[in-house]
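Each chain is listed here by its residues.
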Amino acid sequence: MPKTHRSIALIATLLIAACAIPAGAKPEKPSKNTSARQPAVFYASRPEALQFADDLAARRNLDREWVRQAIGQAQFLPQVPKLMLPPAKGTAKNWRVYRSRFVEPIRIRAGVRFWQQNQAALERAEREYGVPAETIVGIIGVETIYGQQMGNFRVMDALATLAFDFPAAHPRAQERADFFRRELEQFLSFTNRSNTDPFEPRGSYAGAMGLGQFMPSSWVRYAIDFDGDGRVDLFNSPADAIGSVANYFRGHGWTPGMPTHFGVQFDTARLQLDELLAPDILPTFSAASMLAKGAVLDAAGAQHTGPLALVELQNGSDAPSYVAGTENFYAITRYNWSSYYAMAVIELGREVAAARNPAQ
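To keep things clear, this report deals only with the structure shown in the data block. Only a predicted model underlies this, so the values are computations on that prediction, with no experimental measurement involved. (Residues numbered from 1 in each chain as written. Predicted model: local features only at pLDDT ≥ 70, side-chain atom pairs only at ≥ 80, totals over all residues. Heavy atoms only, no water.)

1. Some thoughts on the pairing of strand E3 (residues 261–266)
Convention followed: Whether two strands pair comes down to DSSP finding at least two bridges between them. Here a helix means four or more residues in a row that DSSP labels H or I, a strand means two or more in a row labelled E, and each is numbered from the N terminus.
Here E3 runs beside strand E6 (residues 318–325); their pairing, made up of three bridges, is antiparallel. Looking at the pairing, Gly263 lines up with Val323 of E6. One ladder, built from three bridges, connects E3 with strand E4 (residues 295–297); its direction is antiparallel. Following the sheet pairing, Val264 is matched in E4 by Leu297.

2. Section: the packing of helix H2 (residues 47–60) against helix H10 (residues 173–193)
Two measures define how a pair of helices packs: the angle their axes make with one another and the distance between the axes. What counts, and what does not: Note on geometry: axes are lines fitted to C-alpha atoms, helical ones only across the stretch in contact, with angles between N-to-C directions running from 0 to 180 degrees. Roughly parallel refers to an angle under 35 degrees, roughly antiparallel to one over 145, roughly perpendicular to one between 65 and 115, and oblique to any angle outside these ranges. Helix crossings fall into two classes, left-handed where the near helix is turned counterclockwise from the far one by less than a right angle and right-handed where it is turned clockwise. Working rule for contacts: check all heavy atoms of both residues, and any pair within 4.5 Å makes them a contact. For this classification, Asp, Glu, Lys and Arg are treated as charged, while Ala, Val, Leu, Ile, Met, Phe, Trp, Tyr, Cys and Pro are nonpolar and the rest, including Gly, are polar.
Where H2 contacts H10, the two axes come as close as 11 Å, and the packing angle between them is 55°. Of the possible angle classes, the one that applies to H2 and H10 is oblique. The crossing of H2 and H10 is right-handed. Residues Phe52, Leu56, Arg59 and Arg60 of H2 touch H10, and the partners they reach there are Arg181, Leu184, Glu185, Gln186, Leu188 and Ser189. Class assignment for the residues of the contact of H2 with H10 results in four nonpolar, two polar and four charged.

3. Observations regarding the side chain of Thr135
Its location among the elements puts Thr135 in helix H8 (residues 133–144). Contact partners of Thr135, with chain neighbours within four places excluded, come to Phe249, Trp254, Ile332 and Val345.

4. Observations concerning the pattern of salt bridges
This is how the line gets drawn: A side-chain nitrogen of Lys or Arg and a carboxyl oxygen of Asp or Glu constitute a salt bridge if their distance falls within 4 Å. Relative accessibility decides the category of a residue: with a 1.4 Å probe and only protein chains considered, values under 20% of the type maximum give buried, values over 50% give exposed, and everything between is partly exposed.
For the coordinates displayed, the defined rule picks out 17 salt bridges. Glu104 is the partner of Arg107 in a salt bridge, and the nearest nitrogen-oxygen pair spans 3.4 Å. When sorted by exposure, Arg107 lands in the same class as Glu104, which is buried. Ionic contacts of the salt-bridge type, sharing partners, join the residues Asp54, Arg64, Glu65 and Arg68 into one network.

Just geometry here; none of it tells us what the structure is for.
This is how it looks when you write it as C-alpha cells:
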C-alpha cells in the first residue's frame, strides 16, 4: 500500500463530521490495473451494473452520472470469484495446519514490535472498550501482519466483481452477492461524500481495507479517530486501527473481563455430541446443561454463568480438538465467521504477549 492516503483521511474526516459534500469531480479513467488480465472488461458493458448504479444514485441522492461512471469504469477481476469458492467437498479441515499459518515466528516477532510501538494506544483501548490488548494484536496480526499485507487490489474493482459476478457455484451465492452490492453502495457513498477518487483505495480481494481489514460498512459504523488528529486513517494510523478494532468488538457484544473459551473433556458414557454441536458456534448451553450432555468443563468453565457453545476444531484424520466458547469467542467470529479464525486470533495474541514477557 502507498504510505500516504490523504483521500482516505478525507473520507474518514467527513464521516466523523456526518456531513455530505456534493459530488464535484468525476472519477478519472483508471490507470492500468495489474490485478486484471488483458483485455480488460469494464462494467460499463453490463446493463444490470448500470441499472444498479441508477438505483443507487436515486436511493442515496447521488449524482447519477458520477455513479454510472464509477461503476462503469470498474474492471472485472477474473481471479477474484475463484478465491471466494469454498474448498472442494471432502477436503478435511485441519486446525493444526490452519494455526501454523498464523501463529508462527514472523507474526509473533512483528506483533511484539507492534505492541511495543503502540503500547499506549493498546492500553487505552483496553481501558476504554474492555477489549484486551492481546485480542486486538491478534486481529491485526492475523489480518495484515501489522500492516505488511493490506492488499493491492483496487477496492472498486474487487467490490464490483463480487457484486455482479459472484460465483454461482457458491452455496450461498445470492446472499453473498447481495452483501457485496451493499458494500459497494457504502463504498461509493462515502467516497462521493469526500469528493474522492473511488479508484485509489487498495485492499483485499474482498474489498477490505487498512490494518484491520475493515469492509466499507464496518468503516462507516466502527472506524474512529483514536489518535485525535481529527481524521480516521486505518491505513497509516495504528492508533486509529487499534481503537476501531476495539470499537468493532464493543459493537458486537464484547463483555469486558469474560474469557473467550474454557477447556472441556468428555464423559463418553453420557456424551450427546450431535446435540452439543447442533447450534454450531452460537452460545446456547449453560455449564450445567453441557455437563448433563457429557461435556465436562474445566474449573473456571464450570463456574461460568453465561451461555456456552461446544466448538469443534477438526484436525484432518486425527481426533478433533474441542473448547467451550463464550459470548466473547462468538464476538471474535463476527469479524470472520470461523471458529478456526477466532482461535488463531486468540492464540496469536497470547503468543505475542508471552514473547513480550518471556520471564513471566
